[in-house]
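# Structural description and commentary
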Amino acid sequence: MADFVSQFRENRTALVGAAVILLLVLVAIFAPQLAPHNPIKASLGDRLSAPSEKYPLGTDHLGRCVLSRLLYGARISLAVGVVVVGVAAAVGVALGIISGFYGGVLDEIIMRLVDAMLAFPSIFLALAIAGTLGPGLGNVMIAIIVVEWTRYARVMRGSILSVKENYYVEAARALGASDFYVVTQHILPNAIAPIIVVATLGMAPVILAATSLSFLGLGVQPPTPEWGMMLNDGRLFMRRAPHLTTFPGVAIMITILAFNLLGDGLRDALDPRARTEKELR
């Protein structure tokens, strides 16, 4: 643990990513206190206003404060990322443990299902599922979870296969320990590190997928503020009011970059092989 903390603290880009994510979390939590205006209240007399003292990032086509909507939109984007990654990881880890630990027919069934899911581009599969279920944030989250659990199942299965052959696992079995005890006490603690990295790196594509589906009208419905929907609303006014697409786009870019930087730092700190390869380059 001490080695992990030391390695992570030496990675400046990872620290920057962690700091940005912490800032985004604080912004999401305190959005009601930070927002200068009601994010859903329209003011047609102020529509398409440029950034000013009253509206620091301008207003949209209905006169709503862009800054306020960005702050509240952070809540939805981060919440979607946490919930989707959490549920997808839980499902994938459980199936990966079953597949890697027991093998046999269960392994074949689960892995063939994973292969079938991975045969389709993830965003198109999520789009098809969300389109079938209908518009709504809950349906978008279900669609992304259905797509995302496969990566966790594959990674966990590989970790289980490498860990379960160790001597301490065989010793626990020889002493009569149950499968549940062996998995939870001996295998899972030594196989979970790659999942932590995958989950951190997975936040970025999940948030991007959610905003993409909202941009297409399948996610959050008006008047709830959400970054993807804000991009969709602003695309018709790009020449007259470029701030409508610029600021949500920058928010999405910064969030995705921050999670990628944090994920890379965690991977380097948790995986000695990756760290060694990086030092040899």
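Note that the structure is predicted; figures quoted are calculated from it, not measured.

Criteria and thresholds
Residues numbered from 1 in each chain as written. Predicted model: local features only at pLDDT ≥ 70, side-chain atom pairs only at ≥ 80, totals over all residues. Heavy atoms only, no water. Helix = DSSP H or I, 4+ residues; strand = E, 2+ residues; numbered from the N terminus. Buried < 20%, exposed > 50% of the residue type's maximum accessible area, 1.4 Å probe, protein only. Contact = heavy atoms within 4.5 Å. Expected span 1.5 Å × (residues − 1). Arc of directions from axis to C-beta. Core = buried A, V, L, I, M, F, W, Y, C linked by side-chain atoms within 4.5 Å. pLDDT = per-residue confidence, 0-100. Patch = residues over 30% accessible without salt bridge, like charges linked within 9 Å, V, L, I, M, F, W, Y side chains within 5 Å. Areas by Shrake-Rupley, 256 points an atom, 1.4 Å probe, with all protein chains shown as cover. Salt bridge = Lys/Arg side-chain N within 4 Å of Asp/Glu carboxyl O.

## Quick notes on the side chain of Ser99
In this structure, Ser99 sits in helix H4 (residues 66-102). Judged by its relative accessible area of 1%, Ser99 falls in the buried class. Apart from residues lying up to four places away in sequence, Ser99 is in contact with Asp107, Ile110, Met111 and Arg157.

## Some remarks on helix H5 (residues 104-118)
Its 15 residues place the ends of H5 21 Å apart at the C-alpha level, agreeing with the 21 Å of an ideal helix rising 1.5 Å per residue. Taken residue by residue, H5 has Asp107, Ile110, Met111, Val114 and Met117 as its buried positions. Each buried residue of H5 lies within a common arc of 115 degrees when the element is viewed along its axis, so the set occupies one face. Exposed side chains of H5 directed beyond 90 degrees from the buried face belong to Val105 and Ile109.

## A closer look at unusual backbone geometry
Here the bond from Pro222 into Pro223 is cis, since omega is 5 degrees, no more than 30 degrees from zero. If you trace the backbone, Pro223 turns up in the loop between helix H10 (193-215) and helix H11 (227-234).

## Things to note about the nonpolar core
Core analysis: the biggest nonpolar cluster contains 71 residues, and Ile144 and Tyr152 have the highest contact counts within it. Here the element with the most residues in this core is H4; it accounts for 13 residues. Filtering out sequence-adjacent residues up to four positions away, Ile144 remains in contact with Val84, Val206, Ala209, Ala210 and Leu213.

## Some details on the environment of Ser214
Position of Ser214 among the secondary structure elements: in helix H10. With a relative accessible area of 4%, Ser214 lands in the buried category. Separated by 13 residues in the primary sequence, Ser214 and Trp227 place their C-alpha atoms 8.2 Å from one another.

## Brief notes about the confidence of the model for the protein chain
For the protein chain, mean pLDDT is 88; residues scoring 70 or higher make up 95% of the total. At the level of individual helices and strands, the protein chain shows its lowest average pLDDT in helix H13 (residues 272-280), which scores 50, and its highest in helix H3 (residues 31-34), which scores 94.

## What about a nonpolar patch on the surface?
A contiguous nonpolar patch, built from Leu22, Val25, Leu26, Ile29, Phe30 and Leu34 and spanning about 530 Å² of accessible area, is present on the exposed surface. Per-element tally for the nonpolar patch: the top contributor is helix H2 (residues 12-29), with 4 residues. Here Leu22 shows up in helix H2.

## Some points on the pattern of salt bridges
For the coordinates displayed, the defined rule picks out 8 salt bridges. A salt bridge links Arg69 to Asp60; the shortest N-O distance between them is 3.9 Å. Like Arg69, the residue Asp60 is buried in the burial classification. With its nearest N and O atoms 2.8 Å apart, the salt bridge here joins Arg112 to Asp115. Here Arg112 and its partner Asp115 are both found in helix H5, 3 residues apart, which amounts to about one turn of the helix. Classification of Asp115 by relative accessible area gives partly exposed; the value is 35%. Residues joined in a network through salt bridges with shared partners are Asp60, Arg64 and Arg69.

## Some words on H2
The first and last C-alpha atoms of H2 sit 26 Å apart over 18 residues, in line with the 26 Å expected at 1.5 Å per residue. Along H2, the residues classified as buried are Ala14, Gly17, Ile21, Leu24, Val27 and Ala28. Around the axis of H2, the buried residues are gathered within 145 degrees of arc, so they sit on the same side. Along H2, exposed side chains directed more than 90 degrees from the buried face belong to Arg12, Leu22 and Leu23.

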